[in-house]
Amino acid sequence: MKIIIPKTIISKLIEHALLEDPNECCGLLIGKENMVTNIQNCTNIHTSPITRYTIDPKDLLKAENFSDENNMGILAIYHSHTHSQAYPSTTDIENAIESMWTNPYYVLISLVDKTRPIIRAYKISDDKNVEEIIIQHDGEAYISPTKNS
Ligand SMILES: [Zn+2]
């Protein structure tokens, strides 16, 4: 399994994460099949935005309408972790299952090292299984910079 995220959208993800820091940013990646073509920044309406996120339902509706009108779909839900690794937390996994949003992938942006943000994608299954998805951009494999290696 893989998802193709163009470099321009990768930069927008990082930009959004840095803009909201220390709060978590969140949003949606829209496209067709495995190819992301659009990004919808969403407002994080959670009352503890430093460690949690809730997508503003108005933004979700906007993204759903845009997808329907353009014959596209919501391929991934993204959010940032400003103080932890780019891996879904237990809450992230539970929320994905409870909200029944296990079809889209989950894209995580970690700002633990702000000079080198790390982006990873996952498939969260209904049985709580988390599998990493390969991110490709513009044809080449996207390799996240790994700390101390
Ligand atoms: Zn999270």
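Residues numbered from 1 in each chain as written. Predicted model: local features only at pLDDT ≥ 70, side-chain atom pairs only at ≥ 80, totals over all residues.

A. A look at the overall build of the chain. Check the secondary structure of the chain and you find 3 helices and 8 strands. The linear arrangement of helices and strands in the chain, starting from the amino end, is β-α-β-β-α-β-α-β-β-β-β. Relative to the 2.2 N^0.38 estimate, which gives 15 Å for 149 residues, the radius of gyration of the chain is 14 Å and therefore close to what a compact globule would have. Along the longest, intermediate and shortest principal axes, the C-alpha atoms of the chain span 45 × 40 × 35 Å. For the chain, with 149 residues in total, the buried portion stands at 33%. (Helix = DSSP H or I, 4+ residues; strand = E, 2+ residues; numbered from the N terminus. Rg over C-alpha atoms; globule rule 2.2 N^0.38 Å. Buried ≥ 20, exposed ≤ 12 C-beta atoms within 10 Å, placed from the backbone.)

B. Representation of helix H2 (residues 57–69). Between its terminal C-alpha atoms H2 stretches 18 Å, which fits the 18 Å expected from 13 residues at 1.5 Å a residue. Within two residues after H2, Asn-71 carries a phi angle of roughly 60°, on the positive side. (Expected span 1.5 Å × (residues − 1).)

C. Layout of unusual backbone geometry. Across the junction of Asp-21 and Pro-22, the peptide omega takes the value 10°, indicating a cis bond. Along the chain, Pro-22 falls in the loop between helix H1 (7–20) and strand S2 (26–32). In this structure, Asn-71 takes a positive phi of about 60° despite not being glycine. For Asn-71, the location among the structural elements is in the loop between H2 and strand S4 (73–81). Although it is not a glycine, Met-100 sits at a positive phi angle of roughly 60°. Note that Met-100 resides in the loop between helix H3 (90–98) and strand S5 (105–110).

D. Representation of the environment of Val-112 in the model. Secondary-structure assignment places Val-112 in the loop between S5 and strand S6 (118–124). Here Val-112 falls in the partly exposed class, since 14 other C-beta atoms lie within 10 Å of it. Residues Val-112 and Ser-11 lie 101 residues apart in sequence; the distance between their C-alpha atoms is 17 Å. With sequence-adjacent residues up to four places away left out, Val-112 is seen in contact with His-83, Ser-84 and Gln-85. (Contact = placed C-beta atoms within 7 Å.)

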